Amino acid sequence: MKLKSSSKPAFPWFGMDIGGTLVKLVYFEPKDITAEEEQEEVENLKSIRWYLTSNTAYGKTGVRDVHLELRNLTICGRTGNLHFIRFPTAAMHKFIQMGRDKHFSSLHTTLCATGGGAYKFENDFRTMADLELLKLDELDCLIQGLLYIDSVGFNDHPECYFFENPSDTQNCIKKPCCLDNLFPMLLVNIGSGVSILAVYAKDDYKRVTGTSLGGGTFLGLCCLLTGCETFEEALEMASKGDSTNVDKLVKDIYGGDYQRFGLQGSAVASSFGHMMSKEKRESISKEDLARATLVTITNNIGSIARMCAVNEKIERVVFVGNFLRINTVSTKLLAYAMDFWSKGQLRALFLEHEGYFGAVGAFLELLKSSDDA
């Protein structure tokens, strides 16, 4: 998929998604700069490009996800690489100050941004860095970004994947796939909270429902229960824990399976149900608590997503969002839940660029708005 080349905006080309927990930034690095262009290029534009592309970390918390970089894209007649950068929303003021220090306003009068933070920080961008934000709807950007990334592929590999044999923990294998016959799809966006969309066409979708119990809930509860500080730390703890020490299972109540309704003894009957017992509370580890929190949040999302798919009569369920980043426990759990509760009728699909689609959609709007000008 190539974007038309008329009315190219001036470099640099950015798109931002300012979420409740993370800021996602995409940056297009042109690789076809001519000698004449390089000679005419102002110094702070070179400085910004060098800073973003020569580093993989920015300060203590900013990260460029090098493994997600899209290479040799042709966009608006220019060839280059698309970079994916994230940092905590709590560091937004430092980012704005960096933009001021690098005289970003002299290059760009408008920055395309989506997410709630585009509204929350709009005045800060204006007063601190003399930058105007073009605010965009986050769900529009999410869908447009997803469709674009799926169309260009992931460096000649499919963007989409699923888990084969999700009910068999020993033989559950990640498999690439193509998003053929994309519509209709149920799109489950798991960020700080969760939004569930029924998407019928590129410009035809509705928000079916959502839940406040999302990635922010997982991290917040883990910080309270275990004393951890970061998402990575919480997931590391969860990977070593055993949630069955915390959750009450069907077999803890029935002594085995609840056969009449096909409920396996290993199914969770009551999340954190064992914590009513003082003896159990004294025997569990922080890792167990982290794992139980992750399982509780993930199971709840999977249950709501399945009910929405049944109600909307949609068989394709796609999960996205930064909650799924480095989170194979949850992706496999969602795959299992979709498969088990639908008796094999629903397959959970996942995308490699997880939480960046909103930022990509904002980036595309920058190019589109220039075309429309």
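Located above this text is the structure these notes cover.
Residues numbered from 1 in each chain as written. Predicted model: local features only at pLDDT ≥ 70, side-chain atom pairs only at ≥ 80, totals over all residues. Heavy atoms only, no water.

Engineer: Help me understand unusual backbone geometry in this model?
Structural biologist: Trans peptide bonds make up the majority, and among non-glycine residues the majority have a negative phi. Look at the link from Phe11 to Pro12: it is a cis peptide, with omega at 5 degrees. Tracing the backbone shows Pro12 in the segment before β1 (13-18). Look at the link from Phe183 to Pro184: it is a cis peptide, with omega at -5 degrees. In this fold, Pro184 is placed in the loop between β10 (173-177) and β11 (185-190). For Asp130, which is not a glycine, the phi torsion comes out positive at approximately 55 degrees. The topology assignment puts Asp130 in the loop between α5 (122-129) and β8 (132-136). (Helix = DSSP H or I, 4+ residues; strand = E, 2+ residues; numbered from the N terminus.)

Engineer: Explain helix α12 (residues 328-341) to me, please; I cannot follow it from the model alone.
Structural biologist: If you check α12, its first and last C-alpha atoms are 20 Å apart, about what 14 residues at 1.5 Å a residue would give, namely 20 Å. Every buried residue of α12 is accounted for by Ser330, Thr331, Leu334, Ala335, Ala337 and Met338. All buried residues of α12 lie within an arc of 165 degrees about the axis, which places them on one face of the element. Taken together, the buried residues of α12 touch β9 (160-164), β11, α11 (286-312), β16 (316-320) and β17 (347-351). Lys343 sits one or two residues past α12 and shows a positive phi near 55 degrees. (Expected span 1.5 Å × (residues − 1). Buried < 20%, exposed > 50% of the residue type's maximum accessible area, 1.4 Å probe, protein only. Arc of directions from axis to C-beta. Contact = heavy atoms within 4.5 Å.)

Engineer: Would you explain the side chain of Ser195 in this entry?
Structural biologist: Within the fold, Ser195 resides in strand β12 (residues 194-201). Among the polar contacts made by the side chain of Ser195, one reaches the side chain of Arg207 at a distance of 3.1 Å. The residues touching Ser195, leaving out its near neighbours within four places in the chain, are Leu187, Val188, Asn189, Arg207, Thr209 and Gly210. (Polar contact = N/O pair within 3.5 Å; in protein donor to acceptor, adjacent residues only side chain to side chain.)

Engineer: Mind showing me how you'd approach the sheet that holds β17 here?
Structural biologist: Strand pairs in the sheet, formed through backbone hydrogen bonds, run parallel or antiparallel to each other. Taken in spatial order, the seven strands line up as β10-β9-β17-β16-β11-β12-β13 in an open sheet, and their pairing is mixed. Only two strands of the sheet have a single partner each, and these edge strands are β10 and β13 (204-211). Going from strand to strand, the sheet's axes swing by 30 degrees on average, the running direction of each strand aside. Of the strand pairs in this sheet, β9 and β17 are connected by two bridges, and their pairing is antiparallel. Looking at the pairing, Tyr161 lines up with Phe350 of β17. On top of the sheet, helix α6 (residues 138-152) reaches β11, β12, β13, β16 and β17; it is set at about 115 degrees to β11, its chief contact. Running at roughly 155 degrees to β17, α12 makes contact with β9, β11, β16 and β17 of the sheet. (Pairing = 2+ DSSP bridges. Axes fitted to C-alpha atoms, helices over the stretch in contact; angles between N-to-C directions.)

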